Structure formats: structure tokens, C-alpha cells
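# Chains, contacts and geometry: an overview
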Amino acid sequence: MTKRTIVVGTRQSQLALKQTAQVIDDLKELCRAHGIPFEFEIKKIVTKGDRILDVTLSKIGGKGLFVKEIEQAMLDGEIDMAVHSMKDMPSVLPEGLINGGVPLRKDPRDALISRSGLDLNELPQGARVGTSSLRRSSQLLSCRPDLVLEPVRGNIDSRLRKLEEEGFDAIILAAAGLQRMGWEDRITAYLSADVCLPAVGQGALGIECRENDAELRELLSLYNDPDTALTVAAERRFLAMLNGGCQVPIGAYATLERAGGQAPEEGGASGGEAGSAHASRIRLTGMVGSPDGRVILKESAVGKDPVALGEQIAELLLAQGADALLKEAKE
Ligand SMILES: NCc1[nH]cc(CCC(=O)O)c1CC(=O)O
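None of these values were measured; they are calculated from a predicted model.

Glancing now at the site of the ligand. Taken together, the neighbourhood of the ligand is formed by Ser85, Lys87, Asp88, Ile156, Leu173, Ala174, Ala176, Gly177, Gln202 and Gly203. Elements represented by at least two residues in the shell around the ligand include exactly strand S8 (170-174) and helix H6 (175-181). Counted by class, the shell around the ligand contains four nonpolar, four polar and two charged residues. When residues are assigned to domains, the shell around the ligand turns out to be shared by domain 1 (4-103 + 205-224) and domain 2 (110-191), each giving three or more.

Further remarks concern the confidence of the model for the chain. Averaged over the chain, the pLDDT score is 90; the fraction of residues at 70 or greater is 89%. A low-confidence stretch, residues 262-275 (pLDDT under 50), is modelled with 13 contacts involving residues beyond four sequence positions or located in other chains. Model confidence for the complex: the whole-complex pTM is 0.90, and ipTM, which rates the interface, is 0.95.

Another aspect to go through is the sheet that holds strand S5 (residues 110-114). On the basis of which strands lie adjacent, the open sheet formed by five strands has the order S7-S6-S8-S5-S9 and mixed pairing. The sheet terminates laterally at strand S7 (148-150) and strand S9 (189-191), the two strands that pair on one side only. On average, each strand axis in the sheet is inclined to that of its neighbour by 30°, with strand direction left out of account. This element, helix H4 (residues 134-143), spans S5, strand S6 (128-130), S7 and S8 of the sheet and lies at about 175° to S7.

This brings us to helix H9 (residues 306-330). In a regular helix each residue adds 1.5 Å, so 25 residues correspond to 36 Å; H9 covers only 28 Å between its end C-alpha atoms and thus falls short of that length. Its maximal kink placed at alanine 319, H9 deviates by approximately 80°. Looking only at H9, the buried set comprises Pro306, Leu309, Gly310, Gln312, Ile313, Ala314, Leu317, Ala322 and Leu325. Contact partners of the buried residues in H9: helix H8 (226-242), strand S12 (280-289) and strand S13 (296-303).

The subject of this paragraph is the sheet that holds S13. If you walk across this open sheet you meet the three strands as S11-S12-S13, and the pairing is antiparallel. The open sheet terminates on both sides in strands that have one partner only, identified here as strand S11 (250-258) and S13. Within this sheet the neighbouring strands show an average axis-to-axis angle of 15°, counted without direction. Relative to S13, S12 runs antiparallel, the two sharing eight bridges. Paired with isoleucine 282 across the two strands is glycine 303, which belongs to S13. Running at roughly 145° to S11, H8 makes contact with S11 and S12 of the sheet. Against the sheet, H9 makes contact with S12 and S13, and its axis sits at roughly 160° relative to S13, the strand it touches most.

Here the chain is partitioned into domain 1 (4-103 + 205-224), domain 2 (110-191) and domain 3 (228-330). In this assembly, nine residues from domain 2 lie in contact with eleven residues from domain 3. Along the lines of polarity and charge, the residues of the side of domain 2 that touches domain 3 split into four nonpolar, four polar and one charged.

This part is about helix H5 (residues 156-165). Within H5, burial applies to Ile156, Arg159 and Leu163. Burial along H5 is one-sided: seen end-on, the buried residues are contained in an arc of 60°. Turned more than 90 degrees away from the buried face of H5, the exposed residues are Glu164 and Glu165. Lining the buried residues of H5 we find helix H1 (14-34), S5, S6, S8 and H6.

Rules of the game
- Residues numbered from 1 in each chain as written.
- Predicted model: local features only at pLDDT ≥ 70, side-chain atom pairs only at ≥ 80, totals over all residues.
- Near = placed C-beta within 6 Å.
- Helix = DSSP H or I, 4+ residues; strand = E, 2+ residues; numbered from the N terminus.
- Nonpolar A, V, L, I, M, F, W, Y, C, P; charged D, E, K, R; others polar.
- Domains from an automatic or database assignment.
- pLDDT = per-residue confidence, 0-100.
- Contact = placed C-beta atoms within 7 Å.
- Pairing = 2+ DSSP bridges.
- Axes fitted to C-alpha atoms, helices over the stretch in contact; angles between N-to-C directions.
- Expected span 1.5 Å × (residues − 1).
- Bend = angle between axes of the 7 residues up to and from the residue.
- Buried ≥ 20, exposed ≤ 12 C-beta atoms within 10 Å, placed from the backbone.
- Arc of directions from axis to C-beta.

Written out as C-alpha cells, the structure reads:
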């Protein structure tokens, strides 16, 4: 490979900067180990989503607002790659860009940050909980219908501030974001996937680059974690099947189940398939709910092909009434 400076575009939020710095550290390490002569440089980009955080994002174009400017800069050659939270990555990338690698997933769970250190089931009757996520409020209301859910926007640092300033009893944030910031000591309880199924891709990162950047893609493929890529692919196929761009509580979480508990290498490797995914089956759980938490549809199944499995769970839920929930949300 040629000596080259890889320009990494990033949003200016503390979490984006932290994630980008961590990925660059990992990539530098890989470059050293494989004798790849790349250097890295960070370029900060202000996105529309960062400028108008106080507006309901769904009304003005959704999560895509955080990535559009970054993608344009990549297409224009101003930057070479960008690190995204998988859960903020659109299901269809613009022509010419691809997800070049998905590093090892971190904690996928949601976390409760309560002012008094109480767990979810200990919060007082009618406690005020801050979250703008329909998925979180639907599932919380399903087990605690008395809670009062109120929107709280902004980056995780400003949401933590609002816990005090706006007098919430608790807020909910992704554990991964807090852990990446080194703020896991703020977490008072972890919500298991049974209580609150995570957002599609939560805890995972994706690295966007130009499709024709063969050198960089070679490095990113070394960084890719095949197990994470496989499970996240199942979750994302599920979401793509259900998501007509509408606002509905949707969650999904996939894990790998090792066949017979064997180490992947012992699973009768025929040399065809990549990595440890060979002997594994994927378990995918998906949910669709009503915003008030009165309806929670949930299905789980096991399969080998992430795309087929994502479609299977989506179809099971659609047959149970998810189509009506999706339609209501559009009206
Ligand atoms: N919705 C914003 C967002 N996008 C990614 C994370 C961090 C967690 C992750 O990387 O999955 C967060 C914060 C949160 O939901 O608490």
C-alpha cells in the first residue's frame, strides 16, 4: 500500500470525537501489525442535525441529518472515512459509499441513570423519566404504565445535565455511549434485553468509506468483526422490512449461538465461509410496539442467513398486527 494520510470526518459531539479517536487508535495498531504506511488526521464537520437538535428530528428528515454532510464530504474527497454509531446509520447508503467494516460490538443494552440511584422497579409511582426514544418509552410503559415519559434531546452530555436541570427522576441512555465516554459510573441499572430490547445496531459502530477506495477497504476488512457484522445484518434487515420512514417503537437484538457449543474451528470447516460465523446460528429477537406500551409484539427465531432471518421475524410481526401499528404511526 502507498503511504497516505487518511482523513477521518467526524461530528463534533463528545461521543463522536471519542469514538473516532478510539477507532483511529485501533486502526493505527492494525497498520503497525500489518506494515501498512497510513497516517490519520481528524476533520470536524458540523451537521444539520447538530445545529437543530431542539426540533423534532422526525419532522425534518430524521437521523439522516447527522450523516448527510459527512457523506457529501466523503464523495467530494475532502474526507476518506467516517465512524458512525450503527444505530444512526441509514439503511441505504448513497451511491459510491459503503460500510467498510463493523468492529466488535460493545454493550448493546440500555441503561437507567436515576438521580436517587434507584432501579427501574424501585422508581416512585408516577416518576418522570426522560427519553425521546419511542422504543424506550413503549417498553418502559409496558412494565411501568404509571411512569411519565418526557422528551429529552441533545448529546449524551447535555442529556445527563438535563437529568438535574429539568428535574427528571431518571433518564435512559445507551450503555455503550456512556462506557465509551468513560461515564459508566453514572449508570444505576442496566436494562436487560428482555425488559428493553435495544435499538437495531446499538453498541456497534460502522465505518463508512468510498466504495472504490480499495486500500482503505483492505485495512477496514481487517478491522471488521464477522460475528458483529452478521448479527447486525440480521437486525438491520428486520428494520428495513418494517421501516417506511415512519416513527414507531421498533427494537431488535441478535446474538450468535454456537452449534453444539463447539469452537468455531471444529465445526467441520470446509473453507468456504468466512470466520467464526461458520458454525454459528443467529438468534434474532424483534419487537414492534405502540407508543403507549399497551401493545408489544415480540418474536424470536434462529437461522443461518441474516437476511432471511430478519425477513422472517418481520413477517411474523406483520402477521400479528405490526402492519396496523406502522400504519397508525403514519397517520
Ligand atoms: N440516539 C443517539 C445515539 N446514537 C448512538 C448512541 C450511543 C450508543 C451506541 O453507540 O449504540 C446514542 C446515544 C443513546 O442512544 O443513548
